[in-house]
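Listed here are the chains, written in short residue letters.
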Amino acid sequence: MSPQALDAPQAAIAPEFIPPTASPFDRGPFDEAVMTTYGRFPLAIDRGEGCTVWDTDGRDYLDFVAGIATCTLGHAHPTMVEAVTRQIQKLHHVSNLYYIPEQGALAAWLVAHSCADRVFFCNSGAEANEGAIKLARKHAHTVRGIADPVILTAHASFHGRTLATITATGQPKYQKNFSPLVPGFEYVPYNDTAALEAAIAALEADGPRVAAILLEALQGEGGVRPGDRAYFQRVREICDERGILLILDEVQVGMGRTGTLWGYENLGIEPDVFTSAKGLGGGIPIGALLCKAHCNVFEPGDHASTYGGNPFACGVALAVCEAVGAPGFLDQVRDRGDQLRAGLREVANTYGDWIEEVRGWGLINGLVLKESVALTSVELVKAAMGAGLLLVPAGPKVVRFVPPLIVTPEEVDRAIAAIRHALDQMTA
Ligand SMILES: *Cc1c(COP(=O)(O)O)cnc(C)c1O
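Quick caveat, the model's predicted, so the values are computed rather than measured.

**Student:** So what's going on with the overall build of the protein chain? Residues and values would help.
**Tutor:** Scanning the protein chain from N- to C-terminus turns up 14 helices and 17 strands. What you see for the protein chain is a C-alpha radius of gyration of 22 Å, in line with the 22 Å of a compact globule of 428 residues. Dimensions of the protein chain along its principal axes, counting C-alpha atoms only, are 65 × 60 × 45 Å. Every one of the 428 residues in the protein chain was classed for burial, and the buried ones make up 53%. Within the protein chain, contacts between residues at least 6 apart in sequence are counted, and of these 71% link residues at least 24 apart. Carbon and sulfur atoms form 54% of the exposed surface of the protein chain, whose accessible area is close to 18,700 Å².

Set out below in structure tokens:
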């Protein structure tokens, strides 16, 4: 593309970036060279536009995965194309040896649109949570004089795949064979006030020990389980009484996913620290650690990331933020979420012997299969794929619906029809 095209209207930029035809895909070289860390579905995606993706054979799918709750504006959105093009032609990386104007502008936007006062940028959700863990430990050591701090997290949580974040993740399957894990983590059941109070009373019998409580406002990977409002309000009180930091992992539910900009807005509380990633860059890798002024304990040299806060990721993320912050955008997310849940509840009524419930907020929703039936989430996801709809499991019995936030009413209807078709087949 020529530099002059930057001045052209947005619609004129996009078509040049869409390859004209799909090319057939040979799995052989892929399977021989790529590490076997993922169980992949037998599908190779070639291109996307809005909420539709095309495989390498040219077949189209309605994308209710969005790169796992990440492609906020869908695929090839003119705002993304324009921001990526502008930023790569201007400046993409220089390091934090220097001031980066785009980083400052994105931080200022996030501070203006959240309870946080300060932001640190990195590249992923796990990296943001690592930063939060380090911040909480430093706060415990230097502000509260705790020599041996503990961070409490929840069963069925998910916080990432680094050593500290698999330790924080309260699911043994992610920790198996990776010991020794990182010390200083304890686990409590999610949404259980009595269990939390008992755990803290035991840990702090001889004085302050708990640096932080780290929770998701809604557990995403762990089964699309919304946080309970009364529970989170009690967590906030306990943290205030004892000086414990409340850290919320907003990696999956932040950036408008739940119909509010941040997941915590659904709970009527504010965290001291929170993390963002997935939706923040609309699919461009970026993560953020955000905190209130009172726990802004990092000093120069304490924490760093070579790519963190680079002009490219920040310039694109700022464009995504401004799109999500535009008047009416989050109203649409809430309306589409209501439409999707209503449709899924009708489906659940039809297949009452198979489906336990429908739950979620905004555009993160789970269709929960009954424990007693043989059908698994992976099998249903495969059947939906056959019906032209991409979905993602959230554990063995929950199928997750996380479309781009720009999904249209007609696309929601088509997704409901496709899941109905898939269930028809699976239960026949
Ligand atoms: C996806 C996710 C992470 C990990 O993010 P990565 O970018 O894969 O490191 C952490 N926490 C939550 C809640 C997530 O959904």
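Now that the structure is up, let's keep going.
**Student:** Can you tell me about the sheet that holds strand β16 (residues 392-393), naming the residues and giving the values?
**Tutor:** In space, the 4 strands of this open sheet follow the order β13-β14-β17-β16, with antiparallel pairing throughout. Where the open sheet ends on each side, the last strands, each with one partner, are β13 (355-361) and β16. Here 6 bridges tie β13 to strand β14 (residues 364-369), and the two strands are oriented antiparallel to one another. Counterpart to I355 in the pairing with β14 is L369. On the sheet, helix α12 (residues 329-350) packs against β13, β14 and β17 (398-401) and is oriented at approximately 175 degrees with respect to β13.

**Student:** Which residues make up the environment of M385, and what values do they have?
**Tutor:** Among the structural elements, M385 can be located in helix α13 (residues 377-386). M385 sits 245 residues away from A140 along the chain, and the two C-alpha atoms are 48 Å apart. Excluding residues that lie within four positions of it along the chain, M385 makes contacts with F41, L43, R59, Y61 and L390.

**Student:** Tell me about the site of the ligand, and name the residues and values.
**Tutor:** The local shell around the ligand consists of S124, G125, A126, N129, F158, H159, G160, E216, D249, V251, Q252 and K278. Contact between the ligand and A126: an oxygen atom at 2.8 Å from a main-chain N or O atom of the residue. Here F158 contributes a backbone N or O atom positioned 3.2 Å from a nitrogen atom of the ligand. Protein burial of the ligand: of its 380 Å² of free accessible surface, 81% is covered by the chains.

**Student:** Any chance you could break down the packing of helix α4 (residues 78-90) against helix α11 (residues 311-325) for me, citing the residues and the numbers?
**Tutor:** Across the interface, α4 lies against α11 with an axial gap of 9 Å and an inter-helix angle of 150 degrees. One finds that α4 runs roughly antiparallel with respect to α11. The element α4 and its partner α11 pack so that their crossing is right-handed. Contacts between α4 and α11 involve T79, M80, A83, V84, Q87 and I88 from the first element and P311, F312, G315, V316, A319 and V320 from the second.

**Student:** Now, about the confidence of the model for the protein chain: what can you tell me, with residues and values included?
**Tutor:** Per-chain confidence: the protein chain averages 95 in pLDDT, with 95% of residues scoring 70 or above. Across residues 1-14 the pLDDT falls below 50, and counting only partners more than four positions away or on other chains, this stretch makes 18 contacts in the model.

**Student:** Give me the sheet that holds strand β15 (residues 389-390): which residues, what numbers.
**Tutor:** If you walk across this open sheet you meet the 4 strands as β1-β2-β3-β15, and the pairing is mixed. Each of the sheet's edge strands pairs with one partner strand only, and the pair in question is β1 (45-49) and β15. Sheet analysis places β1 next to strand β2 (residues 52-55), joined by 4 bridges and oriented antiparallel. Residue pairing for β2: E49 is matched across the bridge by T52.

Parameters at a glance
- Residues numbered from 1 in each chain as written.
- Predicted model: local features only at pLDDT ≥ 70, side-chain atom pairs only at ≥ 80, totals over all residues.
- Heavy atoms only, no water.
- Helix = DSSP H or I, 4+ residues; strand = E, 2+ residues; numbered from the N terminus.
- Rg over C-alpha atoms; globule rule 2.2 N^0.38 Å.
- Buried < 20%, exposed > 50% of the residue type's maximum accessible area, 1.4 Å probe, protein only.
- Contact = heavy atoms within 4.5 Å.
- Areas by Shrake-Rupley, 256 points an atom, 1.4 Å probe, with all protein chains shown as cover.
- Pairing = 2+ DSSP bridges.
- Axes fitted to C-alpha atoms, helices over the stretch in contact; angles between N-to-C directions.
- Near = heavy atom within 4 Å.
- Polar contact = N/O pair within 3.5 Å; in protein donor to acceptor, adjacent residues only side chain to side chain.
- Parallel < 35°, antiparallel > 145°, perpendicular 65-115°, else oblique.
- Left-handed = near helix turned anticlockwise from the far one by under 90°.
- pLDDT = per-residue confidence, 0-100.

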